[in-house]
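Structural characterization, general
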Amino acid sequence: DAKTTQPPSMDCAEGRAANLPCNHSTISGNEYVYWYRQIHSQGPQYIIHGLKNNETNEMASLIITEDRKSSTLILPHATLRDTAVYYCIVRVAGGTSNFGNEKLTFGTGTRLTIIP
Amino acid sequence: KAGVTQTPRYLIKTRGQQVTLSCSPISGHRSVSWYQQTPGQGLQFLFEYFSETQRNKGNFPGRFSGRQFSNSRSEMNVSTLELGDSALYLCASSLGPSGGSDTQYFGPGTRLTVL
């Protein structure tokens, strides 16, 4: 799996948009970008994922650059409950050709603190 | 739909004992993965099961083992516990090979403390 680089920590004011960057310059064509977050001592929570196009769901938006070498997770209106460690992961797509190689490889993530 | 459930949530064992942790995947999910999280090593992949077969294994000693049952529920076992096995053990479930993305959803974890 390709490696990712994230800033170790970020602060964001409550109510503002939180923009979390991730570099994945060695990503392969069949690898997705996944974002998870982990609130202290809980299981990681899936946020969003994408392959090439920008994606949006009820939690966040994912912006992937055209060359796919970096991406940004956007939390549009951050609240105190968004304080967590955010992990950007690149992961091979499923299917018979990648059978058994779809594990998630976690880095150290970005510790996002929402400031009241 | 109910999420991934893990039992027990907390466990205290002593060195040399063995332990079995259980994971029930989301209904309809057939793939179960296990991860270990420690302050020093972070989140590390242990193994993954699909259709009762281990598909992938991380770099852990043979004391760590697992299995999956026909209803997709999974157990992992750690024998001859060491102090360093103290960790949060996480289970994640997914649909299984589908030709596209296969999102893993995590349970709350089992906190194992080895004394």
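Above this text is the structure in question.
Read on for a plain summary of the structure. (Residues numbered from 1 in each chain as written. Chains lettered and ligands numbered in written order. Predicted model: local features only at pLDDT ≥ 70, side-chain atom pairs only at ≥ 80, totals over all residues. Heavy atoms only, no water.)

Thoughts on the layout of surface pockets
What the largest pocket holds in volume is close to 490 Å³. Gln38, Val85, Tyr87 and Arg111 of chain A together with Gln37 of chain B are the residues nearest the centre of the largest pocket, which is lined by 24 residues in total. Counting only elements with at least two residues in the lining of the largest pocket, the list comes to β8 (84–92) and β9 (110–115) of chain A together with β4 (31–38) and β5 (42–50) of chain B. Ranked by the residues each element gives to the lining of the largest pocket, the list is headed by β8 of chain A, at three residues. For the lining of the largest pocket, a count of residues per class yields 10 nonpolar, 12 polar and two charged. In this structure, the second largest pocket spans a volume of roughly 180 Å³. Around the second largest pocket, the lining residues are Lys103, Leu104, Thr105 and Phe106 of chain A together with Leu43, Gln44, Phe45, Gly58, Asn59 and Phe60 of chain B. Residues that form the lining of the second largest pocket fall into these classes: five nonpolar, four polar and one charged. (1 Å grid on protein atoms, 1.4 Å probe; cavity = no way out; pocket = protein on both sides within 12 Å on 5 of 7 lines; lining within 4 Å. Points joined across faces, edges and corners; volume = space filled by probe spheres on them. Helix = DSSP H or I, 4+ residues; strand = E, 2+ residues; numbered from the N terminus. Nonpolar A, V, L, I, M, F, W, Y, C, P; charged D, E, K, R; others polar.)

Side note on the sheet that holds strand β3 (residues 31–38) of chain A
All names here are of chain A. Strand order across the open sheet formed by five strands is β1-β9-β8-β3-β4, with mixed pairing between neighbours. Across the chains shown, the open sheet's two edge strands, defined by having one partner strand only, are β1 (9–13) and β4 (45–50). Here the strands of the sheet are splayed against their neighbours by 25° on average, with no regard to which way each runs. Note that β1 and β9 share five bridges and pair parallel. Across the sheet, Asp11 pairs through a bridge with Thr113, a residue of β9. (Pairing = 2+ DSSP bridges. Axes fitted to C-alpha atoms, helices over the stretch in contact; angles between N-to-C directions.)

Nothing here speaks to function; it is geometry throughout.
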